[in-house]
Amino acid sequence: MFSAPSSISIVAQIGETAGKVWHVLNEKGPLSMAKLVKAVGLPRDMVMHAVGWLAREDKVWIQDEARCRMIYLKQ
């Protein structure tokens, strides 16, 4: 039988990171994935999970540009 660890779940961590990503984009405007990861200050994979979470909720859109992937907050 599976028992969840007593610490915060990965899904909760992704949700919290999604909130941080949303606030960074709201404050700074569109950012490349690299700049977003730096601004949030968490591991790249966690930020990417959070961006996916926000995209699924239709809160962001993602655009591939010449040399980077830009993340935009939907208004």
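Keep in mind it's a predicted model, so treat the numbers as computed, not measured.

Q: Tell me about the environment of alanine 55, residues and numbers included.
A: Relative to the helices and strands, alanine 55 is located in helix 3 (residues 44-56). Classification of alanine 55 by relative accessible area gives partly exposed; the value is 32%. Distance in space between the C-alpha atoms of alanine 55 and valine 11 is 15 Å, their sequence separation being 44 residues. Residues contacting alanine 55, with those up to four places away along its chain left out, are Val60 and Ile62.

Q: Describe the sheet that holds strand 3 (residues 69-73), listing the residues and the values that go with them.
A: Pairing is antiparallel in the open sheet, where three strands are placed in the order 1-3-2. With one partner strand each, in any of the chains shown, strand 1 (31-32) and strand 2 (60-64) form the two edges of the open sheet. Sheet topology note: the strand 1/strand 3 ladder contains two bridges and is antiparallel. What sits directly across from leucine 31, in strand 3, is isoleucine 71. Across the sheet, helix 1 (residues 10-28) is in contact with strand 1, strand 2 and strand 3; its angle to strand 3 comes to roughly 85°.

Cut-offs used in this document
- Residues numbered from 1 in each chain as written.
- Predicted model: local features only at pLDDT ≥ 70, side-chain atom pairs only at ≥ 80, totals over all residues.
- Heavy atoms only, no water.
- Helix = DSSP H or I, 4+ residues; strand = E, 2+ residues; numbered from the N terminus.
- Buried < 20%, exposed > 50% of the residue type's maximum accessible area, 1.4 Å probe, protein only.
- Contact = heavy atoms within 4.5 Å.
- Pairing = 2+ DSSP bridges.
- Axes fitted to C-alpha atoms, helices over the stretch in contact; angles between N-to-C directions.

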